[in-house]
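Take a look at the letters that make up each chain.
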Amino acid sequence: STDETIQFAVRVKTTGWVGFGISPNGQMPGSDVVIGWVDGQKSYFHDRYAFGHYLPPIDKTQNWFLMSAMQDGGYTELEFSRSFTTCDHENRDLDILADTSRIIYSWNDNLPNVTQHPNGSEMYSFNLHQSYGLAGVNLLGGLPNPPHIPSGAKTFNVQVENVQVPNKDTTYWCRAVNLKEIVDSYDNEKYIVKFSPLITASNKAYVHHMLVYMCDGLQESDLGPGGECSDINNGCFTEFLIAAWTIGGSDFVYPDNVAYPIGGSTGKQFAMIEIHYNNPKETAGIVDSSGIQFTYLETPREHNAG
């Protein structure tokens, strides 16, 4: 809505310029961006549109609005706002929706050069960014009033352990676990009411999405640290998908009268997690133990999810 606004605040360890924006696909072309900086007592801030991999020109209509700008101890802080929907006449602004937004950001430690023209206008020249990145964020958050989780609920985790993420652009890593070894009294049926992402704090930029499957028929040799999914052929991929998370996602909570049953005499015995690592800079030395945490009850609810 044009009547609803959202506020942003960025704090970056730089005394140069800061770029921030929303991308349609995680790439720079087509992105709705702002660039701002503080030079002495004066602040600069412009709504721009990225046509390609070059300096985005300033939009004719400014729909991002600076609220405050300052430098503090080597950091630049910018606070700004815009409407969820701007109705930009040139169709250069992306709507903010209840979905995952691809946030792009960049900065440089040098201030732009500002040239004053006789007519009062200004021209800006920039050094190329020194740092940049991408993050998936649900800007509008999750459910405003998520269902209550009863006291006494228990948890178990399906996760990888100290994976040395390959220094290549894309990796799919799979690991299988025996649920009887990580869930108390698994021979008695359990009822999942929530699952939540567990992302290694330093690896939020690399974990793109996670899937958890359940299956039967695995051997002891199928368990362990796991490996690249293309090297694993244990049949779990074709069985039951019980959880999915992607960048920008948060907890998934079932309604108060619904739960997903596992365990018991007919329950699947094994779970396998698949993690997609996105490492476009091919960074080496990433060690990851991300996964998904499941919250469950010992007692059934009115309806079973399936």
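For the structure, check the block above.
Residues numbered from 1 in each chain as written. Predicted model: local features only at pLDDT ≥ 70, side-chain atom pairs only at ≥ 80, totals over all residues. Heavy atoms only, no water.

Chemist: When you look at the overall build of the chain in this model, what are you seeing that I'm missing?
Modeler: Along the backbone of the chain there are one helix and 23 strands. Dimensions along the principal axes, computed over C-alpha positions, put the chain at roughly 85 × 40 × 35 Å. Relative to its 306 residues, the chain shows a buried fraction of 43%. Considering only contacts in the chain between residues 6 or more positions apart, those separated by 24 or more positions represent 76%. Of the roughly 15900 Å² of accessible surface on the chain, a fraction of 48% belongs to carbon and sulfur atoms. (Helix = DSSP H or I, 4+ residues; strand = E, 2+ residues; numbered from the N terminus. Buried < 20%, exposed > 50% of the residue type's maximum accessible area, 1.4 Å probe, protein only. Contact = heavy atoms within 4.5 Å. Areas by Shrake-Rupley, 256 points an atom, 1.4 Å probe, with all protein chains shown as cover.)

Chemist: What is the right way to read the layout of surface pockets from this model?
Modeler: A volume near 1300 Å³ is recorded for the largest pocket. Elements with a contribution of two residues or more to the lining of the largest pocket: strand 2 (17-23), strand 3 (31-39), strand 7 (100-108), strand 10 (131-138) and strand 15 (207-215). For the lining of the largest pocket, the element with the most residues is strand 10, which contributes five residues. (1 Å grid on protein atoms, 1.4 Å probe; cavity = no way out; pocket = protein on both sides within 12 Å on 5 of 7 lines; lining within 4 Å. Points joined across faces, edges and corners; volume = space filled by probe spheres on them.)

Chemist: Just checking my understanding: could you explain the state of the cysteines for this structure?
Modeler: Each disulfide consists of one covalent bond between the sulfur atoms belonging to two cysteines. What the rule picks out here adds up to two disulfides. Disulfide partner of Cys-174: Cys-229, at an S-S distance of 2.0 Å. For the disulfide bridge between Cys-174 and Cys-229, the dihedral angle about the S-S bond is near 100°, and by the sign convention the bridge is right-handed. Of the two residues, Cys-174 sits in strand 13 (residues 170-178) while Cys-229 sits in the loop between strand 16 (227-228) and strand 17 (240-246), which places them 55 residues apart along the sequence. As far as burial versus exposure is concerned, Cys-174 and Cys-229 are alike and both buried. (Disulfide = S-S within 2.5 Å.)

Chemist: So what exactly am I meant to see when it comes to the pattern of salt bridges here?
Modeler: When the charged atoms of two side chains lie near each other, side chains of opposite charge can form a pair. All chains considered together, the criterion is met by eleven salt bridges. For the salt bridge of Arg-11 with Asp-72, the shortest nitrogen-to-oxygen distance reads 3.8 Å. Linking Arg-11 in strand 1 (residues 5-12) with Asp-72 in strand 5 (residues 65-72), this pair joins segments that are 61 residues apart in sequence. On the accessibility criterion, Arg-11 (47% relative accessible area) is partly exposed. With its nearest N and O atoms 3.9 Å apart, the salt bridge here joins Asp-251 to Lys-194. (Salt bridge = Lys/Arg side-chain N within 4 Å of Asp/Glu carboxyl O.)

Chemist: Even after reading the chapter, I still don't get unusual backbone geometry, so can you show me in this structure?
Modeler: Among all residues save glycine, negative phi is the norm, and among peptide bonds the norm is trans. In this structure, Ser-185 is a non-glycine residue whose phi angle is positive, near 50°. Within the element layout of this structure, Ser-185 appears in the loop between helix 1 (179-182) and strand 14 (190-198). Its identity is not glycine, yet Glu-282 carries a phi of approximately 55°, on the positive side. Within the secondary structure layout, Glu-282 lies in the loop between strand 20 (270-278) and strand 21 (287-288).

Chemist: Would you mind showing me how to read the environment of Ser-131 here?
Modeler: On the secondary structure map, Ser-131 appears in strand 10. Linking Ser-131 and Asn-119, residues twelve residues apart in sequence, is a C-alpha distance of 35 Å. Contacts of Ser-131, omitting those with residues within four sequence positions, involve Tyr-105, Ser-106 and Trp-107.

Chemist: Explanation requested: the sheet that holds strand 1 in the structure shown.
Modeler: Each strand in a sheet pairs with its neighbour through backbone hydrogen bonds, running either in the same direction (parallel) or in the opposite one (antiparallel). With respect to topology, three strands assemble into an open sheet ordered 1-6-5, the strand pairing being antiparallel. Bordering the open sheet on either side are strand 1 and strand 5, each of which pairs with just one other strand. Neighbour-to-neighbour, the strand axes of this sheet turn through a mean angle of 10°, independent of strand direction. (Pairing = 2+ DSSP bridges. Axes fitted to C-alpha atoms, helices over the stretch in contact; angles between N-to-C directions.)

Chemist: In this structure, what is going on with the sheet that holds strand 13? I would like to understand it.
Modeler: If you trace the five strands from one edge of the open sheet to the other, you get 16-13-20-15-17, paired in antiparallel fashion. Edge positions in the open sheet fall to strand 16 and strand 17, since each of these has one partner strand only. As judged from the two bridges shared by strand 13 and strand 16, these two strands associate in the antiparallel manner. Along strand 16, the bridge assignment pairs Trp-173 with Glu-228.

Chemist: What is the right way to look at the packing of aromatic side chains in this model?
Modeler: The description of two aromatic rings rests on the distance between their centres and on the angle between their planes. Tallying each qualifying case throughout the model produces 19 aromatic pairs. Ring geometry for Phe-20 and Phe-80: centres 5.5 Å apart, planes at 65°, overall edge-to-face. Pair noted here: Phe-20 is in strand 2 and Phe-80 is in strand 6 (residues 75-83), with a separation of 60 residues, a long-range link. Summarising the burial analysis for this pair, Phe-20 and Phe-80 share the class buried. (Phe/Tyr/Trp six-rings, centres within 6.5 Å; stacked < 30°, edge-to-face > 60°.)

Chemist: Explanation requested: the pairing of strand 19 (residues 258-262) in the structure shown.
Modeler: Most of strand 19 is tucked away: four of the five residues are buried. Alignment of strand 14 against strand 19, held across three bridges, turns out to be antiparallel. Bridged to Lys-190 within strand 19 is Ile-262. Pairing between strand 19 and strand 23 (residues 303-304): two bridges, direction parallel. For Val-258, the partnering residue across the bridge sits in strand 23 and is His-303.

The values are spatial; any link to function lies outside them.
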